[in-house]
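Working through the structure, step by step
So the chains spell out like this:
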Amino acid sequence: DVKVTQSSRYLVKRTGEKVFLECVQDMDHENMFWYRQDPGLGLRLIYFSYDVKMKEKGDIPEGYSVSREKKERFSLILESASTNQTSMYLCASSLRAGRYGYTFGSGTRLTVV
Amino acid sequence: RKEVEQDPGPFNVPEGATVAFNCTYSNSASQSFFWYRQDCRKEPKLLMSVYSSGNEDGRFTAQLNRASQYISLLIRDSKLSDSATYLCVVNLYNDYKLSFGAGTTVTVRA
């Protein structure tokens, strides 16, 4: 089974801090994604990457950046955390185009205080 | 209009009942469709892909209606463990990204 591992299950950070969320997948998938999920808003795409060093903005990229230096690792960076970035963050990976669905990591629940 | 739209529910059903719900999508050229299940405070997990001819996996049946642009999920003989949020997922533009509905909540009561 594909495994997508997110480095932290719960995080509490202060406003203004720089926050790194790490995601690693072990099945050589080309595509990786970062979503946030909020009650009533569903899953919203922040950034995705279809190859090493490639990245594309999703629907809500403001306040975030990403890094993909190796195929298996996709990092989400909150440059200066704000309280409105308190959310559940989900990483996902997929093989080729979206014909096969995604596999998600177990999520990071981030609270910014 | 949302690109992938679901009835949020909740659908409250007794054990053993059948429950069914739909999802509509905006792009008639979409090719890939999925149902995901998400338990409270957990990640979404693939329940089943949806094929043109319809498909079944145990008590779960998925259908695709291209003419009306909707997919459906039917759960027979509901179990308490079926209580979850079911996400409709569509590869709307046949590219890297999947589009997610907001989810339909199902609660099965004893």
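Further up the page is the structure itself.
Residues numbered from 1 in each chain as written. Chains lettered and ligands numbered in written order. Predicted model: local features only at pLDDT ≥ 70, side-chain atom pairs only at ≥ 80, totals over all residues. Heavy atoms only, no water.

Some remarks on the overall build of chain A
Operational definition: Think of it this way: any DSSP run of H or I at least four residues long counts as a helix, any run of E at least two long counts as a strand, and we number them from the N terminus. Here the globule rule reads 2.2 Å times residues to the power 0.38, and the radius of gyration is calculated from C-alpha atoms. Buried, partly exposed and exposed residues are distinguished by accessible area as a fraction of the type maximum, computed with a 1.4 Å probe on protein chains only: under 20%, between the cut-offs, and over 50%, respectively. Working rule for contacts: check all heavy atoms of both residues, and any pair within 4.5 Å makes them a contact. Reported accessibility uses the Shrake-Rupley method at a 1.4 Å probe radius. Residues are deemed covered only where the shown protein chains occlude them.
When helices and strands are tallied, chain A shows zero helices and 11 strands. Starting at the N terminus and ending at the C terminus, chain A contains elements arranged as β-β-β-β-β-β-β-β-β-β-β. Over its C-alpha trace chain A gives a radius of gyration of 13 Å, about what one expects of a compact globule, namely 13 Å for 113 residues. With respect to the three principal axes, the spread of C-alpha positions in chain A is 35 × 30 × 25 Å. Counting over 113 residues, chain A shows a buried share of 49%. A fraction of 55% describes how many contacts in chain A between residues 6 or more apart in sequence connect residues 24 or more apart. Taken as a whole, chain A presents about 5600 Å² of accessible surface, with 49% of it coming from carbon and sulfur.

Topic: the sheet that holds strand β1 (residues 4-6) of chain B
Residues and elements named next belong to chain B. Going by this rule: Strand pairing is assigned whenever DSSP detects at least two bridges linking the two strands. A fitted line through C-alpha atoms represents every axis, and for helices the fit uses only the stretch in contact; the resulting angles, taken between N-to-C directions, go from 0 to 180 degrees.
Strand order in this open sheet of five strands is β1-β3-β8-β7-β6, and the pairing throughout is antiparallel. What marks the edges here is a single partner per strand, and that holds for β1 and β6 (55-57). Adjacent strand axes in the sheet meet at a mean angle of 20°, parallel and antiparallel pairs treated alike. Where strand β7 (residues 60-65) and strand β8 (residues 70-75) come together, six bridges link them in antiparallel fashion. Residue pairing across strands places Gln63 opposite Ser72, the latter belonging to β8.

Remarks on the sheet that holds strand β7 (residues 64-70) of chain A
Residues and elements named next belong to chain A. Spatial ordering of the open sheet is given by β1-β3-β8-β7, a layout of four strands whose pairing is antiparallel. Each edge of the open sheet is held by one strand with a lone partner, namely β1 (4-6) and β7. Averaged over all pairs of adjacent strands, the angle between strand axes in this sheet comes to 20°, irrespective of strand direction.

With respect to the pattern of salt bridges
Residues and elements named next belong to chain A. To be explicit about the condition: Take a side-chain nitrogen of Lys or Arg and a carboxyl oxygen of Asp or Glu: if they are within 4 Å of each other, that pair is a salt bridge.
Tallying each qualifying case throughout the model produces 10 salt bridges over all chains. For Asp28, the salt bridge is made with Lys71, and the minimal N-O distance between the two is 3.2 Å. Of this pair, Asp28 sits in the loop between β3 (19-25) and β4 (31-38) while Lys71 sits in the loop between β7 and β8 (73-78), placing them 43 residues apart in sequence. Lys71 gets classed as partly exposed once you look at its relative accessible area, which sits at 27%. The salt bridge involving Arg44 is made with Asp38; its shortest N-O contact spans 2.8 Å. Overlapping salt bridges bring together Arg36, Asp38 and Arg44 as one network.

Some thoughts on the environment of Ser83 of chain B
All names here are of chain B. Applicable threshold: Distance and chemistry together define a polar contact, namely a pair of N or O atoms within 3.5 Å, with one atom able to donate a hydrogen and the other to accept it when in protein, and with adjacent residues in sequence counting only for side-chain atoms on both sides.
Residue position: Ser83 is located in the loop between β8 and β9 (84-91). You can call Ser83 partly exposed: its relative accessible area is 25%. For Ser83 and Thr105, which are 22 residues apart along the polypeptide, the C-alpha to C-alpha distance reads 7.6 Å. If we skip the residues at most four places from it in the chain, Ser83 touches Arg37, Asp39, Val106, Thr107 and Val108. A polar contact of 3.0 Å, which involves the side chain of Ser83, links it to the backbone oxygen of Leu80.

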